[in-house]
Amino acid sequence: MLRNAKIKTLRIAQLTVATIMAAAAAVCFTFAAPARAAVIDVQCVGSFNRSFSPAITVAPQTVTVTEASDYDTCLIGPSATGAASLTLSLTCVPATTAPPETETVTWNDATGGTSTISWSAPTIVGQTVLFTGTVTAGRYAGDSATKLTSGISYLGSVAGCLLGTPISSTTGLVDSIVLTQ
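1. As for the state of the cysteines
With the rule as written, the count across this model stands at two disulfides. Bridging Cys44 to Cys74, the disulfide has an S-S length of 2.0 Å. Handedness of the Cys44-Cys74 disulfide follows from its S-S torsion of about 100°: it is right-handed. In this pair, Cys44 is assigned in strand β1 (residues 40-56) and Cys74 in strand β2 (residues 61-76), connecting sequence segments 30 residues apart. On the accessibility criterion, Cys44 (1% relative accessible area) is buried. The disulfide pattern of the chain is 1-2, 3-4 when the bonded cysteines are numbered in sequence order.

Structure below.
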């Protein structure tokens, strides 16, 4: 009888260990799946030109801003051009906020096509503007988008504007535009 008790205890211990091992294996296989790395579809740099209508002055006024971007140097993906337009109140003093905007990007390769990128309200620090958004339609739909720009003429124009010379356009660099899956 003592022998039967030992065998029963041994089987319970084996069953307990087997159950724990099976549960541990399930956890390991469930949580050990490799994380999916982001795939970069496009990574480019370039330049932009913004025009203001009417020209920006000392007095706050509603202005239509039209932006044309050239994404002409690409490490990954095709080169492209971008176009956006928005209306907001501006003065000579550099903006620290801006509304969300939508940009249409036209791809310069054999497959062509366009992408519509919905940018969230950008973060603006001095002449540097950080945009984040999503490709909502067209080529690369569903991708996350990030764009960093540096204005090279706007702050130089501010002093003249404060002295009475309106700002009708500015230029700058697209330090990067990246679209990722």
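2. Overview of empty space enclosed by the protein
Remark: the empty space left among the atoms is shown by a probe the size of a water molecule rolled over them. This model, assessed by the stated rule, comprises one cavity of 30 Å³ or more. The space that makes up the largest cavity amounts to roughly 430 Å³. Taken together, 24 residues make up the lining of the largest cavity; nearest its centre are Arg50, Phe52, Ala95, Ile124 and Val129. Taken together, the elements giving at least two residues each to the lining of the largest cavity come down to β1, β2, β3 (80-90), β7 (128-138) and β8 (144-151). For the lining of the largest cavity, the element with the most residues is β1, which contributes four residues. Looking at the lining of the largest cavity residue by residue, the classes come out as 15 nonpolar, six polar and three charged.

3. Side note on the side chain of Glu67
Tracing the sequence through the fold places Glu67 in strand β2. Within the structure, the side chain of Glu67 is placed 2.8 Å from the side chain of Arg50, a separation counted as a polar contact.

4. Overview of the pairing of β8
Residues in a regular strand point their side chains to alternate faces of the sheet. Relative to β8, β7 runs antiparallel, the two being bridged by seven bridges. What sits directly across from Leu130, in β8, is Leu148. Counted along the chain from β7 to the antiparallel partner β8, the turn is five residues long, and its residue Tyr140 has a positive phi close to 70°. The pairing of β8 with strand β9 (residues 167-180) spans eight bridges and is classified as antiparallel. Looking across to β9, one finds that Thr149 is bridged to Val174.

5. Quick look at the confidence of the model for the chain
A residue-level look at the chain finds 80% of positions with pLDDT of 70 or above and a mean pLDDT of 82. Strand β5 (residues 114-119) holds the highest mean pLDDT among the elements of the chain, 98, whereas helix α1 (residues 2-31) holds the lowest, 39. Counting contacts from residues 2-33, a segment whose pLDDT is below 50, to residues more than four positions away or on other chains yields one contact.

6. Comments concerning the pattern of salt bridges
For the coordinates displayed, the defined rule picks out four salt bridges. Here Lys147 makes a salt bridge to Glu67, at a shortest N to O gap of 3.6 Å. Of this pair, Lys147 sits in strand β8 while Glu67 sits in strand β2, placing them 80 residues apart in sequence. You'll find Lys147 and Glu67 in the same group, each marked buried. Across the pair Asp109 and Arg139 runs a salt bridge, and its minimum N-O distance is 2.9 Å. Taken together, the positions of Asp109 in the loop between β4 (101-107) and β5 and Arg139 in the loop between β7 and β8 put the pair 30 residues apart, joining distant regions of the chain. The exposure class of Arg139 is partly exposed, given its relative accessible area of 23%.

What counts, and at which threshold
- Residues numbered from 1 in each chain as written.
- Predicted model: local features only at pLDDT ≥ 70, side-chain atom pairs only at ≥ 80, totals over all residues.
- Heavy atoms only, no water.
- Disulfide = S-S within 2.5 Å.
- Helix = DSSP H or I, 4+ residues; strand = E, 2+ residues; numbered from the N terminus.
- Buried < 20%, exposed > 50% of the residue type's maximum accessible area, 1.4 Å probe, protein only.
- 1 Å grid on protein atoms, 1.4 Å probe; cavity = no way out; pocket = protein on both sides within 12 Å on 5 of 7 lines; lining within 4 Å.
- Points joined across faces, edges and corners; volume = space filled by probe spheres on them.
- Nonpolar A, V, L, I, M, F, W, Y, C, P; charged D, E, K, R; others polar.
- Polar contact = N/O pair within 3.5 Å; in protein donor to acceptor, adjacent residues only side chain to side chain.
- Pairing = 2+ DSSP bridges.
- pLDDT = per-residue confidence, 0-100.
- Contact = heavy atoms within 4.5 Å.
- Salt bridge = Lys/Arg side-chain N within 4 Å of Asp/Glu carboxyl O.

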